[in-house]
Amino acid sequence: MSNKFKQEFIFVVEHFKVSGDYAWFRGIAKRKDGREIELAEDLAYDCCHVEALYKKNNGKWQLSESAAFSTDVWWEGIQQRYPKAPKEIFQE
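Model, not experiment: these values are computed from the prediction. (Residues numbered from 1 in each chain as written. Predicted model: local features only at pLDDT ≥ 70, side-chain atom pairs only at ≥ 80, totals over all residues. Heavy atoms only, no water.)

Draft legend 1. Looking closely at the state of the cysteines. In this structure the tally under the stated criterion is one disulfide. There is a disulfide in this structure between C47 and C48, and the S-S distance comes to 1.7 Å. Where C47 bonds to C48 through sulfur, the torsion about that S-S bond is close to 65°, and the disulfide is right-handed. A relative accessible area of 36% places C47 in the partly exposed class. Judged by relative accessible area, C48 falls into the buried class, the value being 19%. (Disulfide = S-S within 2.5 Å. Buried < 20%, exposed > 50% of the residue type's maximum accessible area, 1.4 Å probe, protein only.)

Below, the structure is given as structure tokens:
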């Protein structure tokens, strides 16, 4: 996110569940310096949510899919794309 938005972020965790080799994160991004997040006005963003699916490979967690400030529900169908991911990690 730092490269794309040219700002440094911290994340407030709203949901984080791990089961087996999968983990699902949902949270809110905030600027590390405490200032207001600045987004390009010519692009559609829904500030400030972030979601990510992680998978453990060879003992290390790797990002499988993620998105920040999306205006759609990009993760819809993620269970079908990753059928081995336990459904309970996505549930509140």
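Draft legend 2. Just a nonpolar patch on the surface, in detail. Together, V13, F16, V18 and W61 make up a nonpolar patch on the protein surface, roughly 390 Å² of accessible area in all. The dominant element in the nonpolar patch, judged by the number of residues it contributes, is strand β1 (residues 9–19), at three residues. Following the sequence through the fold, V18 ends up in strand β1. (Patch = residues over 30% accessible without salt bridge, like charges linked within 9 Å, V, L, I, M, F, W, Y side chains within 5 Å. Areas by Shrake-Rupley, 256 points an atom, 1.4 Å probe, with all protein chains shown as cover. Salt bridge = Lys/Arg side-chain N within 4 Å of Asp/Glu carboxyl O. Helix = DSSP H or I, 4+ residues; strand = E, 2+ residues; numbered from the N terminus.)

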